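Secondary and tertiary structure notes
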Amino acid sequence: MAPEITRIDSTEFAYELADVGTDEHGFNLVYEPGSTTTRKLFALRVHTDTGITGEYVGGNSPGAAQVNMFADYLIGKNPLEREKHWSEIKRALRKYDRMGIGPVDIALWDFAGKYYDAPIHELLGTYRERIPAYASTYHGDERGGLDSPAAFTEFAEEAREQGYAGFKIHGWGGGDAARDLSREIDAVHAVGDAVGDEMDLMHDPACELETFADALKLGRALDEEGFFWYEDPFRDAGISQHAHRKLRQKLDTPILQTEHIRGLEIKSDFAASESTDFLRADPEYDGGITGAMKVARVAEGFGIDTEFHAPGPAQRHCIAATRNANYYEMALVHPDAANTTPPIYADGYEDQFETVDDDGTVPVPDGPGLGVTYDWDYIEANSTGSRHVYD
């Protein structure tokens, strides 16, 4: 008898980040000593008649709303038929961004691994079991943390001593005063001069730059320092193939795009139109592990690399099964504040600045499924609401 999905539980919960606030506009998380920011995530459980439950914690409110749109479809279905479910739900959410597919697909992969008593990377086809990581910073602040080119340089040197082989700058933003292009350029040269011969350096303005001209000026500074990639520079929001093709033509630094577009087809178009040098993928954002691995295979066909966005156990499994990927993003890190990941693991798994080994790598979980144990007592104790779907 094939297994069947009997119930889907979604629990929203809150957790706090100490010494973290937001920038002037309230969008970017930044270091703010003495402040506490509350964040919310969703914990998903897909129950089956086998007694095995697929689990995943992550996602945002718009994605959770989409899960509610298709959860009924999954009840009574075989949880192992991921490809079929991926295709049907993708079609059902065709008017939306399809962010709801990711958490459910990851939970179905977690079920499959537990069902077959194997880690997900083994089901995908293991390429490696340790992954090089890069330190991906919080945004620059004005409060005594990453508040100057010198502060970014000092932190880059600390990351190098920690074992990281790569370091990514998220610059300043949030207001006209903070968006000082000369300060961004000074930080690029300061970090490049200090560690550029020893580390791969990346820059991600997170679409803060207001004009193509500003993106070009900063990009030329990256060229001078030999940066490894340039990511989402300006206000096209990371979605214009034409704009990034033009930027590529004028710079030597490789471009990394497609974090902010949803769908295999449009990511493929970015590669085909030579509008990016690396494809971005995220199992939570891009239709789960199923969707993210499709992006990695498309990139492989074009002879380019896939760089996976954000840290997490699902990302580790994807990278472990992807030859054409270079780094694991340890984000967001800061010299005086903890990473933004929630305290939801009961087995010692974590994504913090100190998590990497001396060689700058992280391991891939080797237990069944995602290979992590969630702290459901913590999740339930901090619940702010839940929804249950069953037959």
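Report on the accompanying structure. (Residues numbered from 1 in each chain as written. Predicted model: local features only at pLDDT ≥ 70, side-chain atom pairs only at ≥ 80, totals over all residues. Heavy atoms only, no water.)

1. Topic: the pairing of strand β9 (residues 278–281)
How we decide: Remark: exposure states derive from per-residue accessible area (1.4 Å probe, protein chains only) relative to the maximum for the residue type, with buried under 20%, exposed over 50%, and partly exposed in between. Under the DSSP-based scheme used, a helix requires at least four consecutive residues in state H or I and a strand at least two consecutive residues in state E, with every element numbered from the N terminus. One bridge is not enough; two strands pair if DSSP finds at least two bridges between them. With the strands pointing away from the viewer, any crossover whose connection runs clockwise from the first strand over the helix to the second is right-handed.
Residues Phe278 and Arg280 line one face of β9 and the alternating positions Leu279 and Ala281 line the opposite face, and both faces are buried. Note: strand β8 (residues 255–257) against β9, two bridges, orientation parallel. Its bridge partner lying in β9, Gln257 is registered against Leu279. Viewed along the sheet, the connection from β8 through helix α9 (residues 264–272) into β9 turns out right-handed. As judged from the four bridges shared by β9 and strand β10 (residues 305–308), these two strands associate in the parallel manner.

2. Examining the pattern of salt bridges
Using the following cut-off: For this document, the term salt bridge refers to a Lys or Arg side-chain nitrogen within 4 Å of an Asp or Glu carboxyl oxygen.
Going through the model one piece at a time under the given rule, you end up with 26 salt bridges. The partner of Glu142 in a salt bridge is Arg183, with the nearest N and O atoms 2.8 Å apart. One end of the pair, Glu142, is in the loop between β4 (130–139) and α5 (149–162); the other, Arg183, is in helix α6 (residues 181–195), with 41 residues separating them in the sequence. The salt bridge partner of Arg160 is Glu161, with a shortest N-O separation of 3.4 Å. A residue is classified by how much of its surface remains accessible, and Arg160, at 24% relative accessible area, is partly exposed. Relative accessible area serves as the criterion here: at 63%, Glu161 is assigned to the exposed category. Salt bridges sharing partners connect three or more residues here, namely Lys168, Asp204, Glu231, Glu259, Arg280 and Glu329.

3. So, unusual backbone geometry
Cis geometry marks the peptide bond from Ala331 to Leu332, where omega comes out at -10 degrees. Structurally, Leu332 can be placed in strand β11 (residues 328–333). Positive phi, close to 65 degrees, is recorded for Arg98, a residue that is not glycine. Arg98 gets classed as buried once you look at its relative accessible area, which sits at 19%. Residue Glu274 is not a glycine yet carries a positive backbone phi of 55 degrees. Mapping Glu274 onto the fold places it in the loop between α9 and β9.

4. Brief notes about the sheet that holds strand β13 (residues 383–390)
Formally: The axes used here are C-alpha line fits, helices contributing only the stretch in contact, and every angle between their N-to-C directions lies in the interval 0 to 180 degrees. The contact definition used throughout considers only heavy atoms, calling two residues in contact when any of these lie within 4.5 Å.
Within the open sheet, the four strands sit side by side as β3-β2-β1-β13. Their pairing is antiparallel. Of all the strands in the sheet, the pair left with one neighbour each is β3 (53–58) and β13. Between one strand axis and the next, the sheet turns through 15 degrees on average, direction left out of account. Bridging between strand β2 (residues 29–48) and β3 involves six bridges; their strand directions are antiparallel. Opposite Arg45, over in β3, you have Glu55 as the bridge partner. The sheet contacts of helix α1 (residues 61–74) involve β1 (5–22), β2 and β13, and relative to β1 the element is tilted by about 175 degrees. Helix α3 (residues 101–116) rests against β1, β2 and β3 of the sheet, and its axis sits at about 140 degrees to β3.

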